[in-house]
Amino acid sequence: MSEITKRITRKNSTPIKVYCLPEEKELIEAQAKRAGMSAARYLREVGQGYHISGVMDYEQVRELARINGDLGRLGGLLKLWLTDDIRTAQFGQATILAVLSKIEATQEEMGKVMTKIVMPRSEP
């Protein structure tokens, strides 16, 4: 392949070197990891003015969606029981109390996930 027809890629382009202190490097790498990117991609995107949104937020949203689905299913069971649906005729008081307990536990789980989103821990 001749030099003219050679495809231009990042690997065969000139790198930009940035000198930084070890703690600065650690901070950049930690920020990149939180965003789900390599340090090089993170610096390239920040340098071009892109807004970086962390991958953690997306993971937390997926977790909230899963918990919300659990609550919906539990609520559906409770609704069937309250409307005397034939499918829940065998549900006794213990089953209903277990469903209510599971709803409460799931709500607590959702609260913990929301707290992690609103007040994330700073990583060492």
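Residues numbered from 1 in each chain as written. Predicted model: local features only at pLDDT ≥ 70, side-chain atom pairs only at ≥ 80, totals over all residues. Heavy atoms only, no water.

### Quick look at the overall build of the protein
Okay, so step 1: For the protein, the helix and strand inventory stands at four helices and zero strands.
Okay, so step 2: Traced from its N-terminal end to its C-terminal end, the protein shows the element sequence α-α-α-α.
Okay, so step 3: The buried share among the 124 residues of the protein stands at 17%.
Okay, so step 4: Taking all contacts inside the protein whose residues are at least 6 apart in sequence as the whole, residues at least 24 apart take part in 45%.
Okay, so step 5: In the structure as shown, the protein presents an accessible area of about 10,400 Å², 58% of it carried by carbon and sulfur atoms. (Helix = DSSP H or I, 4+ residues; strand = E, 2+ residues; numbered from the N terminus. Buried < 20%, exposed > 50% of the residue type's maximum accessible area, 1.4 Å probe, protein only. Contact = heavy atoms within 4.5 Å. Areas by Shrake-Rupley, 256 points an atom, 1.4 Å probe, with all protein chains shown as cover.)

### Comments concerning the pattern of salt bridges
A side chain with one charge may pair with a side chain of the opposite charge, provided their charged atoms come close.
Okay, so step 1: A full pass over the atoms with the stated rule returns seven salt bridges.
Okay, so step 2: Among the salt bridges present, the one from Arg41 reaches Glu45, with a minimum N-O distance of 2.9 Å. Of this pair, Arg41 and Glu45 both sit in helix H2 (residues 39-47), four residues apart, which is roughly one turn of the helix.
Okay, so step 3: Classification of Arg41 by relative accessible area gives partly exposed; the value is 36%.
Okay, so step 4: In this structure, Asp70 engages Arg66 in a salt bridge whose closest nitrogen and oxygen atoms are separated by 2.8 Å. With Asp70 and Arg66 both in helix H3 (residues 55-82), this residue pair falls four residues apart, about one helical turn.
Okay, so step 5: The network of salt bridges with common partners includes Glu63, Arg66, Asp70, Arg73 and Glu109. (Salt bridge = Lys/Arg side-chain N within 4 Å of Asp/Glu carboxyl O.)

### Overview of unusual backbone geometry
Leaving glycine out, the prevailing phi sign among residues is negative, and the prevailing peptide bond configuration is trans.
Okay, so step 1: For Asp84, which is not glycine, the phi dihedral falls at a positive 55°.
Okay, so step 2: Position of Asp84 among the secondary structure elements: in the loop between H3 and helix H4 (93-118).

### Thoughts on the nonpolar core
Okay, so step 1: Listed in full, the eleven residues of the largest apolar core are Leu64, Ile67, Leu71, Leu74, Leu78, Phe91, Ile96, Val99, Ile103, Met110 and Val113.
Okay, so step 2: Ranked by size, the runner-up nonpolar core spans five residues in total, among them Ala32, Ala35, Met37 and Ile52. (Core = buried A, V, L, I, M, F, W, Y, C linked by side-chain atoms within 4.5 Å.)

### Looking at the packing of helix H1 (residues 22-34) against H2
Okay, so step 1: Between H1 and H2, the least distance of the axes is 8 Å, while the angle of their chain directions is 90°. With respect to each other, H1 and H2 are oriented roughly perpendicular. In this structure, H1 contributes Ile28, Glu29, Gln31 and Ala32 to the contact, and H2 contributes Ala39, Tyr42 and Leu43.
Okay, so step 2: Residues of the contact of H1 with H2, tallied by class, amount to five nonpolar, one polar and one charged. (Axes fitted to C-alpha atoms, helices over the stretch in contact; angles between N-to-C directions. Parallel < 35°, antiparallel > 145°, perpendicular 65-115°, else oblique. Nonpolar A, V, L, I, M, F, W, Y, C, P; charged D, E, K, R; others polar.)

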